[in-house]
Amino acid sequence: MDVLLNVGFDVIYNEVAAAVRCTDGQILMQIESGRAGSVSLTYHAPSLQSVGDRLAAAGVAYTGTKAEALVLEGPGHLTIRVLPATASDMQERSGEDNHVLGYLDAIVIPVTDVAAAALWAQKCGFFIIEAADVGAAMVDVTDGLVKLSFREQSPRAPYLHYTADIDRDWIESVTGSLGASCRIVNDGTVELAQITIADALVIMVTADEF
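Criteria and cut-off values
- Residues numbered from 1 in each chain as written.
- Predicted model: local features only at pLDDT ≥ 70, side-chain atom pairs only at ≥ 80, totals over all residues.
- Heavy atoms only, no water.
- Helix = DSSP H or I, 4+ residues; strand = E, 2+ residues; numbered from the N terminus.
- Polar contact = N/O pair within 3.5 Å; in protein donor to acceptor, adjacent residues only side chain to side chain.
- Contact = heavy atoms within 4.5 Å.
- Salt bridge = Lys/Arg side-chain N within 4 Å of Asp/Glu carboxyl O.
- Buried < 20%, exposed > 50% of the residue type's maximum accessible area, 1.4 Å probe, protein only.
- Pairing = 2+ DSSP bridges.
- Patch = residues over 30% accessible without salt bridge, like charges linked within 9 Å, V, L, I, M, F, W, Y side chains within 5 Å.
- Areas by Shrake-Rupley, 256 points an atom, 1.4 Å probe, with all protein chains shown as cover.
- Lys, Arg positive; Asp, Glu negative; His and termini not counted.
- Charge placed at Lys NZ, Arg CZ, Asp CG, Glu CD.

Let us now look at the side chain of T142. Along the polypeptide, T142 turns up in strand β10 (residues 138-142). Polar side-chain contacts of T142 include one of 3.0 Å to the backbone nitrogen of G144. Separated by 2.8 Å, the side chain of T142 and the backbone oxygen of V146 make a polar contact. Those residues in contact with T142 that lie beyond four places of it in its chain are F126, F127, I129 and K147.

Under the defined criterion, the tally for this structure stands at four salt bridges. Between D53 and K66 there is a salt bridge whose closest N-O contact spans 3.1 Å. Here D53, found in helix α2 (residues 48-58), pairs with K66, found in the loop between β5 (63-65) and β6 (69-73); they are 13 residues apart in sequence, far enough to count as distant. In this structure D53 comes out as partly exposed when scored by relative accessible area, which is 39%. Among the charged side chains, a salt-bridge network with shared partners connects D105, D140, K147 and R151.

Tracing the backbone through its elements, the reader meets S149 in strand β11 (residues 147-152). There is a polar contact of 2.8 Å between the side chain of S149 and the side chain of R151. S149 has contacts with A106, I107, V108, I109, M138, V139 and D140, leaving out every residue within four places of it along the chain.

Strand β2 (residues 19-23) sits mainly inside the fold: five of its five residues count as buried. Of the two faces of β2, the one holding A19, R21 and T23 and the one holding V20 and C22 are both buried throughout. Note: β2 against strand β3 (residues 28-32), five bridges, orientation antiparallel. Bridge pairing in β3 links A19 to E32. Between β2 and β3, which follow one another and run antiparallel, lie four residues, and G25 among them has a positive phi close to 100 degrees.

Attention now goes to a negative patch on the surface. Residues D165, D167, D169, E172, D208 and E209 make up a contiguous surface patch of negative charge. Along the chain, the position of E172 falls in helix α4 (residues 168-178).

Take a look at the structure:
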């Protein structure tokens, strides 16, 4: 996974799960070979029975079993998986910014109905931290660990949004190391970089406003 290394992730191959597990200090990711579908958000809980009971009480539908995994199909193309917790899942994040991509702003979920998406997220235990209805509507929610940003767009796979100090040197370095995996959208002033990791994972990087 040269692309992951080139965008600031440390990679560990998980032979048991036939997957690549990686982190950039801010997010933990696992890319599973042969697994169809888009990006999913995964939680590990000591008791799936308790999680299932709380979801049922909140009126949140799920599939799966309380012995193996619970799967929630959320707004847009968001999927949340809740798996049993094991000692191997307890991997610490450093909390430091990605030295290439900068600051992880949010996992963005494009949806057609932002209000409905926010209501669903609140039932799942997230709380609203920011909302805007000027232009395209958006609502940011968090559970204290991760921020989800529901944005009024045509539904497609969730993507990661970073902000970085984008300048000419940054562009030359990233495009030089990533090649066709990175696309720069430029209308005279750089607006964003789109980086494709594997088939289903896209990272958008916009200029840091500060």
